[in-house]
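Here is what each chain is made of, one letter per residue.
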Amino acid sequence: VFSIKNNDGLSVAEEASRYISNMAPSFTFIHLPDADYAGHSSGWDSSEQLTALTKVDEAIGKIIQAVETSYA
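Now for a description of the structure that goes with this document. Values in this document were obtained by computation on a predicted structure and should not be read as measured data. (Residues numbered from 1 in each chain as written. Predicted model: local features only at pLDDT ≥ 70, side-chain atom pairs only at ≥ 80, totals over all residues. Heavy atoms only, no water.)

**Considerations on the overall build of the protein**
Step number 1: A tally of helices and strands in the protein yields 3 helices and 0 strands.
Step number 2: Along the longest, intermediate and shortest principal axes, the C-alpha atoms of the protein span 40 × 20 × 15 Å.
Step number 3: By residue count, 29% of the 72 residues in the protein fall in the buried class.
Step number 4: Look at the contacts in the protein between residues 6 or more apart in sequence, and 52% of them connect residues 24 or more apart.
Step number 5: Just so you have it, the protein exposes about 5,100 Å², and 55% of that area is on carbon and sulfur atoms.
Step number 6: Each charge class in the protein can be summarised by its mean position, and for the 4 positive and 10 negative side chains these summaries are 10 Å apart. (Helix = DSSP H or I, 4+ residues; strand = E, 2+ residues; numbered from the N terminus. Buried < 20%, exposed > 50% of the residue type's maximum accessible area, 1.4 Å probe, protein only. Contact = heavy atoms within 4.5 Å. Areas by Shrake-Rupley, 256 points an atom, 1.4 Å probe, with all protein chains shown as cover. Lys, Arg positive; Asp, Glu negative; His and termini not counted. Charge placed at Lys NZ, Arg CZ, Asp CG, Glu CD.)

**Some words on the side chain of Ser17**
Step number 1: Examined against the element boundaries, Ser17 turns out to sit in helix α1 (residues 9-23).
Step number 2: Residue classification places Ser17 among the buried residues on the basis of a relative accessible area of 11%.
Step number 3: Within the local environment of Ser17, its side chain forms a polar contact with the backbone oxygen of Lys62, the two atoms lying 3.3 Å apart.
Step number 4: Look past the residues within four positions of Ser17 in its chain and what remains in contact with it is Lys62, Ile63 and Ala66. (Polar contact = N/O pair within 3.5 Å; in protein donor to acceptor, adjacent residues only side chain to side chain.)

**Side note on the environment of Val12**
Step number 1: Mapped onto the elements, Val12 comes out in helix α1.
Step number 2: Separated by 21 residues in sequence, Val12 and Pro33 have C-alpha atoms that sit 8.8 Å apart.
Step number 3: Beyond its immediate sequence surroundings of up to four residues, Val12 is in contact with Asn6, Ile30, His31, Leu32 and Pro33.

**Re the packing of α1 against helix α3 (residues 47-70)**
Step number 1: Their axes nearest at 9 Å, the elements α1 and α3 cross at an angle of 5°. Classified by the angle between their axes, α1 and α3 sit roughly parallel to one another. Contacts between α1 and α3 pair Gly9, Leu10, Ala13, Glu14, Ser17, Ile20 and Ser21 from the former with Lys55, Glu58, Ala59, Lys62, Ile63, Ala66, Val67 and Ser70 from the latter.
Step number 2: The class makeup of the residues in the contact of α1 with α3 is 7 nonpolar, 4 polar and 4 charged. (Axes fitted to C-alpha atoms, helices over the stretch in contact; angles between N-to-C directions. Parallel < 35°, antiparallel > 145°, perpendicular 65-115°, else oblique. Nonpolar A, V, L, I, M, F, W, Y, C, P; charged D, E, K, R; others polar.)

**A short note on the nonpolar core**
Step number 1: Of all hydrophobic cores here, the largest spans 10 residues; its members are Leu10, Val12, Ala13, Ile20, Leu32, Ala35, Val56, Ala59, Ile63 and Ala66.
Step number 2: Residue assignment for this core shows that the elements contributing at least two residues are α1 and α3.
Step number 3: Apart from the residues lying within four places of it in its own chain, the contact partners of Ile63 are Ala13, Ser17, Ile20, Ile30 and Leu32. (Core = buried A, V, L, I, M, F, W, Y, C linked by side-chain atoms within 4.5 Å.)

Quick look at the structure:
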């Protein structure tokens, strides 16, 4: 399965979490683009990139919750 809906990591995490919950895959690659995009557009270690990393952290939390629920 390959899917690109938008460039927002939280939206990606929500879609990935639904996929994990419904399909329980044995392997999943998830790209959370926020920090990468912010780094390219605003500079590495910029305040924009650090803010983006906060969103990425929240997105990872959503994915971890889906994995824990699906594979418990």
